[in-house]
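Observations on the model geometry
Spelled out from the first residue to the last, the chains are:
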Amino acid sequence: MIIAIDGPAASGKGTLARRLAQHFGLPHLDTGMLYRGVARQMLDEGLRLDNIDAATSVALSFEPQLVDEDRLRGREMGEAASVIAAHPPVRSALLALQRAFAQQPGGAVLDGRDIGTVICPQAAVKLFVTATPEVRAERRALELTGRGEPVDTAAILADIRLRDERDSHRSSAPLMIASDAVLLDTSSFDVAGMVAAALAIIAEKAGR
Ligand code: C5P
């Protein structure tokens, strides 16, 4: 069973994807980490993020198993990832890797922006996870506080709005709900509530 989870930044989709993967014993791929990883490597090599040829060649030779996830977290890397993710050849370069992951025997859980629309249009279950920008900013702020990092909620909200705008309006694979996806608004849910709601949808869609 392939479970495709899409949604905007800080919607809770990553947490949901990890929980569902654990629940069903499936492998999980956070596809945002691929875009973050490519952006990180470019910055490490002193390359400009708007250099499409350079971004494409980094994406083509990208080895996800070599990434240090701790260096990919944070607002700045999310922003950098969204810049290179808007280059169509970068998206094409990362496509095969994501599809191969999804097609493992037994299935997989993938989360991102275009899983249900482009990467796995055949997924048995598609969830589009969202929450209001204010709730998402609040969650991100709590997460940063928990890690002892400084928090500026207004800046986080501005960043979320900017990323929503860029991810939703790019020409290639924009963030949008697949016609056969179920919308899950988590604004008023805690993690347990969100997981329970998703499990109910999966039971109905896939009988699992
Ligand atoms: O999900 P995360 O915040 O880690 O993603 C970082 C950025 O990578 C997103 O804002 C988006 O621009 C890009 N991305 C994408 N397609 C995906 C996953 C992430 O374009 N499947």
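Whatever comes next refers back to the structure up there.
Residues numbered from 1 in each chain as written. Predicted model: local features only at pLDDT ≥ 70, side-chain atom pairs only at ≥ 80, totals over all residues. Heavy atoms only, no water.

**Regarding the site of the ligand**
The condition that has to hold: Nearness of a residue to a molecule or strand requires only that one of the residue's heavy atoms be within 4 Å of it. Any pair of N or O atoms that falls within 3.5 Å is considered a polar contact. Within protein, one atom must be able to donate a hydrogen and the other to accept it, and sequence-neighbouring residues count only if both atoms are side-chain atoms. Surface exposure here means Shrake-Rupley accessible area, sampled with a 1.4 Å probe, where a residue is shielded only by the protein chains that are shown. The rule is simple: put a 1 Å grid over the protein atoms alone, call a set of points where a 1.4 Å probe fits but cannot get out a cavity, call an open set with protein on both sides within 12 Å along at least five of seven lines a pocket, and count a residue as lining if it has an atom within 4 Å of a point. A cavity or pocket is said to hold a molecule if more than half of that molecule's atoms lie within 2 Å of its grid points. In DSSP terms, a helix is any run of H or I states spanning at least four residues, a strand is any run of E spanning at least two, and both are numbered starting from the N terminus. Residues are sorted three ways: Asp, Glu, Lys and Arg are charged, Ala, Val, Leu, Ile, Met, Phe, Trp, Tyr, Cys and Pro are nonpolar, and all the rest, Gly among them, are polar.
Near the ligand, the surroundings consist of 15 residues, among which R36, R91, R163, D167 and R170 are the closest. Here R113 contributes a side-chain N or O atom positioned 2.9 Å from an oxygen atom of the ligand. With respect to the ligand, the side chain of R163 contributes an N or O atom lying 2.8 Å from an oxygen atom. The fraction of the free accessible surface of the ligand (450 Å²) that becomes covered by protein chains is 96%. Under a 2 Å grid-point criterion requiring more than half of the atoms, the pocket assigned to the ligand is the largest pocket. For the shell around the ligand, the secondary-structure elements that each account for two or more residues are α2 (32-44), α4 (75-84) and α9 (153-169). Its residues placed into classes, the shell around the ligand shows 3 nonpolar, 4 polar and 8 charged.

**Notes on unusual backbone geometry**
Using the following cut-off: Only protein chains enter the calculation, and the probe is 1.4 Å; a residue is then buried if its accessible area is under 20% of its type maximum, exposed if over 50%, and partly exposed in between.
Non-glycine residue A10 carries a positive phi angle of around 60°. Secondary-structure assignment places A10 in the loop between β1 (2-6) and α1 (13-24). According to the relative accessible area criterion, A10 is buried, its value standing at 13%. One non-glycine residue, A173, lies in the positive phi region at around 45°. Look at A173 and you get buried, because its relative accessible area is 16%.

**Things to note about the pattern of salt bridges**
For side chains bearing opposite charge, pairing can occur when the charged atoms are close. Quick reminder of the rule: Any Lys or Arg side-chain nitrogen located within 4 Å of an Asp or Glu carboxyl oxygen qualifies as a salt bridge.
The tally for this structure, following the rule as stated, stands at 15 salt bridges. Here K126 and D180 are joined by a salt bridge, their closest N and O atoms 3.0 Å apart. A residue pair is termed long-range when its members are at least 10 positions apart, and K126 in strand β4 (residues 125-130) and D180 in the loop between α9 and β5 (182-185) qualify at 54 residues. Classification of K126 by relative accessible area gives buried; the value is 5%. Look at D180 and you get partly exposed, because its relative accessible area is 38%. Across the pair R136 and D164 runs a salt bridge whose closest N-O atoms are separated by 2.7 Å.

**Side note on the packing of α2 against α4**
Rules: For helices, the fitted axis covers only the stretch in contact; all axes are lines through C-alpha atoms, and the angles between them, taken along N-to-C directions, range from 0 to 180 degrees. Angular relationships are summarised with four words: roughly parallel below 35 degrees, roughly antiparallel beyond 145, roughly perpendicular across 65 to 115, and oblique for the angles in between. In what follows, residue pairs with any heavy atoms lying within 4.5 Å of each other are defined as contacts.
Running from N to C, α2 and α4 point in directions that differ by 95°, and their axes come no closer than 8 Å. For the element pair α2 / α4, the angle class is roughly perpendicular. Across the interface between the two elements, Y35, R36, V38, A39, R40, M42 and L43 from α2 touch M77, G78, A80, A81 and I84 from α4.

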